[in-house]
Amino acid sequence: MSTASRTNRQWIYRRRPVGPIEPDTYELVTTELATDVGRGEVLVAARYFSVDPYMRIQQAARNTWEAPHPLGAVQGGAVVSRVIAKGDDVLGIAEGDWVLAYTGWQELARCHVSQVTRLDPDAAPVSTALGALGMPGRTAWFGLMEAGRPRPGETLVVSGAAGAVGSLVVQFGKRAGCRVLAIAGGPDKCRFVQGELGADVAIDYRPLAGDAARIAAELARHTSGIDVYFDNVGGPITDAVMTHLARRARVVICGQVSQYDGGLDAPALGPRFLQHLLFQRATIKGVLARDFTHRMDEYVRLAAPWVKDGTLVAKETVVDGFEKLPSALAEMLKGKNVGKMIVRIP
Ligand code: NAP
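Everything numeric here is computed off the predicted structure, so don't read it as measured data.

A word on unusual backbone geometry. Positive phi values are uncommon outside glycine, yet Arg149 reaches one of about 45 degrees. Locating Arg149 in the fold gives a position in the loop between helix H2 (135-148) and strand S9 (155-159).

Structure follows, in structure tokens:
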């Protein structure tokens, strides 16, 4: 029996951070991976790694929609890889094919073929399987269309509007005929959401110093009532939006990224806004990507042609270097990305 192996670098999740990710949150280790593929197995070499806010959520020592990420394990995450070997009995996948799999932050992985999804590089750039045509895209589409139920002429507010999910919600909102108010951090992101994504109004929340009253005053300059709020960030931005809901508004809770660096365990107490839902007969609904996993094909069939013809902007921030993975996650949580944050092995 042969015992071929290859050196494999892995990022191990080592310590639960209290606030922002710290240098000792992760440890880079080098191991040997046995590369002989068994029945039904493929060996894949990673090329594009997804960096997502949920990674920070799952670093906390508490259950969320699932158990906390285990310590001492490779950081989980979606990865776009190339198949470099396969078992003789594996059909429908060839060496050299691009695949998406949840193999985490490691350069090489051996996994069962049932765990990989083959990607068609002619349909769209393969990295979009992590963003516009991946989990963030699915969340944006089904979250907005099914929970937000936007109608032509309505006012949609999107927070985190320049990010992976938000940048798509802005565009889907325009496709649905809404007037879109996009909230993002900094003048460059505001230019992006208006100039490239087509938002009607861009609001830079950073100079408003996290002050809900000032953000509310800025919103009041642009709208007399918000019909749909797609919330990626929570905190003072959401407090402000709540004071401007229109009758029968729909509030979609997708994420609360302003609270992730420590705040999930010790949340800041903000104003209580449930009375606005009452006054306006509004509804609020949480959406989770995994509840729509079974509809991924439906979404990709719809959106891949838009990505290919450029009518859906699939913006990415690509950081080169496997060793940059933890810092890319920390930077994304501070807003250094525009669109989907990806780490590439050049
Ligand atoms: P992203 O928006 O691409 O990146 C995170 C962004 O959060 C940063 O770029 C930054 O943008 C913003 N941010 C950080 N701190 C902030 C603060 N204090 N106030 C306001 N904004 C802040 O990430 P994403 O992958 O698209 O995820 C966006 C949200 O959706 C996250 O809350 C995430 O957890 C959630 N999400 C949920 C699901 C689900 O299944 N429900 C799936 C995917 C994502 P600025 O520079 O504009 O501040």
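Contacts to the ligand come from 28 residues, most closely from Lys189, Tyr205, Val287, Ala289 and Asn337. Measuring from an oxygen atom of the ligand, one finds a backbone N or O atom of Ala164 at 2.8 Å. For the ligand, an oxygen atom lies 2.4 Å from a polar atom in the side chain of Tyr205. The fraction of the free accessible surface of the ligand (900 Å²) that becomes covered by protein chains is 90%. Secondary structure elements with two or more residues in the shell around the ligand: H2, helix H3 (164-175) and helix H9 (325-333). Shared between two domains, the shell around the ligand takes at least three residues from each, and those domains are domain 1 (5-131 + 314-344) and domain 2 (135-290).

We now examine the domain arrangement of the chain. Parsing the chain into structural domains produces domain 1 (5-131 + 314-344) and domain 2 (135-290). Centre-to-centre separation of domain 1 and domain 2, based on C-alpha positions: 29 Å. The interface of domain 1 with domain 2 comprises 24 residues on the first partner and 19 residues on the second. Carbon and sulfur atoms make up 57% of the area that domain 1 and domain 2 hide from each other, which totals about 1700 Å². Here domain 1 is connected to domain 2 by 2 salt bridges. A salt bridge links Asp261 to Arg56; the shortest N-O distance between them is 3.2 Å. Across the contact surface, domain 1 and domain 2 share 6 residue pairs in polar contact (both at pLDDT 80 or more). Partitioning the side of domain 1 that touches domain 2 into residue classes produces 12 nonpolar, 5 polar and 7 charged.

About the criteria used
- Residues numbered from 1 in each chain as written.
- Predicted model: local features only at pLDDT ≥ 70, side-chain atom pairs only at ≥ 80, totals over all residues.
- Heavy atoms only, no water.
- Helix = DSSP H or I, 4+ residues; strand = E, 2+ residues; numbered from the N terminus.
- Near = heavy atom within 4 Å.
- Polar contact = N/O pair within 3.5 Å; in protein donor to acceptor, adjacent residues only side chain to side chain.
- Areas by Shrake-Rupley, 256 points an atom, 1.4 Å probe, with all protein chains shown as cover.
- Domains from an automatic or database assignment.
- Contact = heavy atoms within 4.5 Å.
- Buried area = accessible area lost by both parts, 1.4 Å probe.
- Salt bridge = Lys/Arg side-chain N within 4 Å of Asp/Glu carboxyl O.
- Nonpolar A, V, L, I, M, F, W, Y, C, P; charged D, E, K, R; others polar.

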